[in-house]
Amino acid sequence: MPNTSIYYQHREPSPLRQLWLHITANPFAMVAFYIFAGIMVLMVLSPLVSPFSSETQFSDHVLQPPAWHAEGQIRFLFGTDDLGRDLLSRVLHGSVYSLGYPLLATLLAAVIGISIGAWAGMSQGVQSSTLNHLLDVLLSIPSLLLALVIIAILGPALHNVMIAITLVLIPQFIHSVHNAFYEERNKEYVVASKLNGCTRWYLLTRVIFPNITSVVVMQITFALSTAILDIAALGFLGLGVQAPAPEWGTMLARSLDQVYLSPWTMVLPGLALFLTVLSINVLGDSVRAAIQERIRNS
Amino acid sequence: MTKLLEVHAICKYYQQKQGWLPGRRICALEPISFSLNKGETLAIMGETGSGKSTIAKLIAGADVPSNGEIWLHGKRLDPHNYRQRCRDIRMIFQDSMRSLNPQLTIGKQLSEALKFNTNWNLAQQTEHVLQTLSKVGLLPDHYHFYPHMLSTGQQQRVCIARAIILEPQIIVADEAFVALDPSIRAQIINLILDLQEDMGISFIFVSHSPEIVKHVADKILIMHRGKMIEFGTTEALIHNPQHQLTRMLLQSELLNKALKHTTTQE
């Protein structure tokens, strides 16, 4: 409705907007949201904003402390590592590996998992059960362990890690989407739409799906934090992204032997990882709290 | 002349499953037959759990009968063909809030039926939705509202709008007036009576209230434990009830009133 009225008009927000208002009312959630948004922007812009390439070595500036240290230089804001590479550039470039790839794996898992889950939720009986429990075997093994098994077979490489993590995340999506669909499917408004003569596809995408978006958003945030931690852990163990690449977990592992000599080489990538995962978790948690709040109020 | 609606021995059984074993069969509705003429109003009364709502759902197509057939204008209705059915039979649900999709605006929900059952373009659909909204006493502004912004009475009106938007021949209402307070209930019943006069709709409704039934219904069907125990014109059932239960259901209001009267006097 174009807001042409010049008089005061009380307008109640739409359900999704209500959810957003709940989240914005929570200061922690907003801080987490801005941190996460900032990290995302830096990730996208990392080739432009990072001062050097991630592999440029400055042989006369090996183990330079960060700029705020007495011996630091403003040229290397976060200092340099034992090979003289600029740490700021490496952390920025690393965000592509440590946030971009998990994001890709999560989205892939979400697309596959939601389609199977929705299919299972719309069908009945044995078909529904089969689809729902299709990948349950994967749930019995912890994600990291399963990734290790897959890497043991296929060899340590980034794409193998991606395959492993995507596979592990899919069953969680299937379960949550299937359950949400199952709950909504027999509600009266769905029956009413069915009696309107809607096609199954319309019922699935327009009637039921908008009512479970909050569940999907929540599941995506949790899956994302799992994916980030798993890729970093595999990198740390030397099984994921291989050494010259500036992945945060790999950087942590490399700097482990010099932690007393140059603590910043360890603290800074660790801090980046910590902030990313924390902001995603807080965001996911507040989305869940907002959903519960809305359910309680309605 | 063929009747508008003929119901032939429809029944409904539920299977109560316990694990893998085939479970007990629970009978919600025993085979029942009746018929309805054009423009008539049928009231279904009975105790809780007597199968009233089951009949309503079966006729509207929200549920599939275990056996039996429903004929409309001498044509058999396929229980799975919603599109065939929704042009002629529409349902008003008991809980108006829950029967509206919380994520869609009223206008979108109303045009949903038009989208799938007419080949009108968007402008025609919108036009018709606005007309229907004004018919049930809502404003064009309500087109853009979400269900939670409306009061219960307004939601009920939206549900009625959804029922009449395809200009059906039969409307089935499953205790649609229970949640409303008396003044709004009266308004909505008058609204339905007006619509019935204008559009010649037959109306089947499930109700507890003998007052409304007496006021509105042409025929009454009394249910008890899944069985039809009496079916006849309102006149006949009020003056000459054959069963004790019929008398109790139809006269409970009188008893209540008498009781209230005595207590207020004391």
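Look a little higher up for the structure.
One structure accompanies this document, and this report is about it. (Residues numbered from 1 in each chain as written. Chains lettered and ligands numbered in written order. Predicted model: local features only at pLDDT ≥ 70, side-chain atom pairs only at ≥ 80, totals over all residues.)

**Concerning the overall build of chain A**
Across its full length, chain A carries eleven helices and zero strands. Counting from the amino terminus, helix and strand elements in chain A follow one another as α-α-α-α-α-α-α-α-α-α-α. Reported as C-alpha extents along the three principal axes, the dimensions of chain A are approximately 75 × 60 × 30 Å. The buried share of chain A, taken over its 298 residues, is 38%. Here the contacts in chain A between residues at least 6 apart in sequence split such that 68% fall between residues at least 24 apart. (Helix = DSSP H or I, 4+ residues; strand = E, 2+ residues; numbered from the N terminus. Buried ≥ 20, exposed ≤ 12 C-beta atoms within 10 Å, placed from the backbone. Contact = placed C-beta atoms within 7 Å.)

**Focus: the interface of chain A and chain B**
Listed per partner, the contact involves 19 residues of chain A and 23 residues of chain B. Of all the secondary structure elements, the ones that give two or more residues to the side of chain A that touches chain B are helix 8 (188–195) and helix 9 (200–236) of chain A. Of the residues forming the side of chain A that touches chain B, the biggest block, seven residues, is contributed by helix 8 of chain A. Residue composition of the side of chain A that touches chain B, grouped by class: nine nonpolar, six polar and four charged. (Nonpolar A, V, L, I, M, F, W, Y, C, P; charged D, E, K, R; others polar.)

**Looking at the environment of A:Glu188**
Secondary-structure assignment places A:Glu188 in helix 8. For A:Glu188, a count of 19 C-beta atoms within 10 Å puts it in the partly exposed group. Once you skip the residues sitting within four places of it in the chain, A:Glu188 turns out to touch B:Phe93, B:Asp95, B:Arg98 and B:Ser99.

**As for the sheet that holds strand 10 (residues 227–233) of chain B**
All names here are of chain B. The strand order across the open sheet built from six strands is 6-7-8-3-9-10, with neighbouring strands paired in mixed fashion. Two strands close off the open sheet at either side, each with one partner strand: strand 6 (89–92) and strand 10. For this sheet the average axis-to-axis angle between neighbouring strands, irrespective of direction, equals 15°. Bridge count between strand 6 and strand 7 (residues 170–174): four bridges; the pairing is parallel. Counted as the bridge partner of Ile92 is Ala173 from strand 7. Across the sheet, helix 5 (residues 152–164) is in contact with strand 6 and strand 7; its angle to strand 6 comes to roughly 170°. (Pairing = 2+ DSSP bridges. Axes fitted to C-alpha atoms, helices over the stretch in contact; angles between N-to-C directions.)

**Points about the environment of B:Ile70**
All names here are of chain B. Mapped onto the elements, Ile70 comes out in strand 4 (residues 67–72). Take Ile70: there are 20 C-beta atoms within 10 Å of it, and that puts it in the buried class. A C-alpha to C-alpha distance of 7.4 Å links Ile70 and Leu5, two positions 65 residues apart in sequence.

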